[in-house]
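Analysis of the macromolecular model
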Amino acid sequence: MSPPLLEIDDLTVHFPSAAGPVRAVDGLSLSLERGQTLGVVGESGSGKTVTFLAAMRLLERSRPEIHGRILLDGVDVLTLPAREMREIRGPRIGMIFQDPLSALHPLLRVGDQIAETVRAHRDVGRRDAWAQSVAALAQVGIPNADERARQYPHQLSGGMRQRVMIAMALILEPDLLIADAPTTALDTTVEAQILGIIDDLRTRLGIGVVLVSHSLATVADVADTVAVMYAGRAVERGPCQAVFAHPSHPYTWGLLDTVPALGAERSRLVPIPGSPPSLIDPPPGCRFAPRCAYRFDACTRHLPELVERGGGHADACVLPVPGRGARRNRLEPPGEEAAA
Ligand SMILES: Nc1ncnc2c1ncn2[C@@H]1O[C@H](COP(=O)(O)OP(=O)(O)OP(=O)(O)O)[C@@H](O)[C@H]1O
Ligand SMILES: [Mg+2]
């Protein structure tokens, strides 16, 4: 059996700080098969970007302490020499960075920026690289790509810039596309277009896609599998359908309560009470426990591991409730069954 396209195995990324190590990622395991989309969701600061910057080996300047493995087709990218990593970053893994305006050079025409990427990895002339760049812009649905390629980032709308980022990430035909919150700054119509473009390219090119988002609703239509992150750890993961139909971690229930339901009589959003914990001094036991309406003593003593509940659906919660997912959308404190 061939290994998964991407496998993250017990990853920890701790950044040094005066107050002690910041545990941005702490024991995270994930995997993604070729041709599929993995949705990674969680609140701001849950470690999503750090995880995938670690996979690109772009954190080294911050001197983090990194443990665990990040396997691309079975090869641990964390152990590769920098020279080999340059042949991974771009040609094997393309990344759409979270902030397209700062990821694009403000003083270079967008067509030239993409052409530069081509020339850095392939032995092609300027004219050829430019033609490939224009074709890539057309492929992501930019009209008059020839003209747009001659423009500077500030002359493009947010949605256009995001398309440029997708074109740049895919120009070298990588096996894996990491899209870090690619639609956060966009209105819902453009968001749907961008997600549609990414999904078309996935089907057409057979690549694997990691789609990072704050919201489960954003990834619902396109993800095959979903991982829900909280404070640097995965608290639930599984097939997208199963996580939606039977979410089994109280944090996921909370995330779903923040999705407005179509046709609901009242569409009041229920925020998750409290705020994420300190990553320097996280609470003992389950990191979500201080905000969890269902916690009991054991939750504050032991840090729960992800446990498979069947069909590839796993959660890191010790709540002994049969039919756990049935409690979705009812964040009232547990009854006797939960305390038993
Ligand atoms: N270079 C760094 N040095 C120190 N701490 C960092 C560094 N990069 C990130 N962090 C910290 O790591 C934690 C996780 O950050 P990360 O950017 O991965 O969150 P995120 O889940 O991507 O959030 P968002 O949804 O807002 O993008 C945060 O507390 C952040 O402050
Ligand atoms: Mg981020």
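Look up: the structure comes first, before these words.
Moving on, we get to the environment of V222. Mapped onto the fold, V222 is located in the loop between α9 (216-220) and β9 (225-230). Expressed as a C-alpha distance, the spacing of V222 and D199, which sit 23 residues apart in the sequence, is 6.8 Å.

With that settled, consider the site of ligand 1. Near ligand 1, the surroundings consist of 14 residues, among which S44, K48, T49, Q98 and H214 are the closest. Within the side chain of T49, a nitrogen or oxygen atom sits 2.7 Å from an oxygen atom of ligand 1. Contact between ligand 1 and H214: an oxygen atom at 2.6 Å from a side-chain N or O atom of the residue. Contact with the protein chains removes 67% of the 630 Å² of surface that ligand 1 exposes when unbound. Ranked by residues supplied to the shell around ligand 1, first place goes to helix α1 (residues 48-55) with 3 residues. Grouping the constituent residues of the shell around ligand 1 by class yields 4 nonpolar, 8 polar and 2 charged.

This part covers the sheet that holds strand β4 (residues 65-72). Spatially, 4 strands are ordered β2-β1-β4-β5 in an open sheet, and the strand pairing comes out antiparallel. Since the sheet does not close on itself, it has two edges, and those belong to β2 (22-32) and β5 (75-76), each with one partner. In the sheet, strand β1 (residues 6-15) pairs with β2 via 8 bridges, with the strands oriented antiparallel. If you follow L6 over to β2, its bridge partner there is L32.

It is worth spelling out the coordination of the magnesium ion (ligand 2) at this point. Within the first shell, the magnesium ion (ligand 2) binds the protein through T49 (OG1) and Q98 (OE1), at distances of 1.9 to 2.3 Å. Here Q98 lies in the loop between β6 (93-96) and α3 (100-103) and T49 lies in helix α1, a separation of 49 residues in the sequence. Of the residues examined, Q98 reaches a relative accessible area of 39% and is grouped as partly exposed.

Next up on the list: the side chain of Q162. Mapped onto the fold, Q162 is located in helix α7 (residues 158-170). Once you skip the residues sitting within four places of it in the chain, Q162 turns out to touch I96, P100, P182, L186 and I194.

Once that is clear, we can look at empty space enclosed by the protein. Within the structure shown, the criterion is met by 3 cavities of 30 Å³ or more. Roughly 100 Å³ of internal volume is contained in the largest cavity. Forming the walls of the largest cavity are 16 residues, and the residues nearest its centre are C286, C292, C299, C317 and V318. Here the residues of the lining of the largest cavity sort into 13 nonpolar, 2 polar and 1 charged.

With that settled, the discussion passes to the environment of A135. Mapped onto the elements, A135 comes out in helix α5 (residues 126-139). A C-alpha to C-alpha distance of 19 Å links A135 and Q193, two positions 58 residues apart in sequence.

Among the 7 residues that make up strand β10 (residues 233-239), 5 are buried, leaving the element largely enclosed by the rest of the structure. Judged from the 6 bridges that link them, β9 and β10 form a sheet pairing that is antiparallel. From the neighbouring strand, V226 faces β10, where its bridge partner is G238. Joining the antiparallel neighbours β9 and β10 is a turn of 2 residues, in which A231 adopts a positive phi near 50°.

Right, let's get into the pattern of salt bridges. Pairing is possible between side chains of opposite charge, provided their charged atoms come close. With the rule as written, the count across this model stands at 14 salt bridges. Its salt-bridge partner being E43, residue R291 comes within 3.1 Å of it at the nearest N-O pair. One end of the pair, R291, is in the loop between α11 (250-257) and β11 (307-308); the other, E43, is in the loop between β3 (37-41) and α1, with 248 residues separating them in the sequence. Exposure remark for E43: the relative accessible area of 21% places this residue in the partly exposed category. Through salt bridges that share partners, R34, D73, R92 and D175 make up one connected network.

How each quantity is defined
Each chain has its residues counted from 1, running along the sequence as written. Here the convention is simple: chains get letters from A, ligands get numbers from 1, in the order in which they are written. Residue-level local features of this predicted model are given only where pLDDT is at least 70; pairs of side-chain atoms are given and counted only at 80 or more, and the full residue set underlies all totals for whole chains, interfaces and linings. To obtain the side-chain values, all non-hydrogen atoms of the structure were included, while hydrogens and water were left out. By the criteria applied, helices consist of DSSP H or I runs no shorter than four residues and strands consist of E runs no shorter than two, each listed in order from the N terminus. We call a residue near a given molecule or strand whenever any one of its heavy atoms falls within 4 Å of it. Counting of polar contacts relies on pairs of N or O atoms within 3.5 Å, with two restrictions inside protein: one atom must be capable of donating a hydrogen and the other of accepting it, and residues adjacent in sequence are counted only when both atoms are side-chain atoms. Here the accessible surface of atoms and residues is derived via Shrake-Rupley with a 1.4 Å probe, and residues count as covered only by protein chains that are part of the display. Under the scheme applied here, ten amino acids are nonpolar (Ala, Val, Leu, Ile, Met, Phe, Trp, Tyr, Cys and Pro), four are charged (Asp, Glu, Lys and Arg), and all others, including Gly, are polar. Here, strands pair whenever DSSP counts at least two bridges between them. As a rule, N, O and S atoms within 2.8 Å of a metal are its donors, except that Na, K and Ca use 3.2 Å; water is not among the atoms, so sites may look incomplete. The buried label applies to any residue whose accessible area, calculated with a 1.4 Å probe on protein chains only, is under 20% of its type's maximum; exposed applies above 50%, and partly exposed to all values in between. Residue contacts are counted whenever heavy atoms from the two residues lie within 4.5 Å of one another. Site definitions follow a grid-based scheme: protein atoms alone, a 1 Å grid, a 1.4 Å probe that fits but cannot get out for cavities, and for pockets an open set with protein on both sides within 12 Å along at least five of seven lines, plus lining residues having an atom within 4 Å of a point. Grid points are joined across faces, edges and corners, and a volume is the space filled by probe spheres set on the points. Here a salt bridge means any side-chain nitrogen of Lys or Arg lying within 4 Å of a carboxyl oxygen belonging to Asp or Glu.

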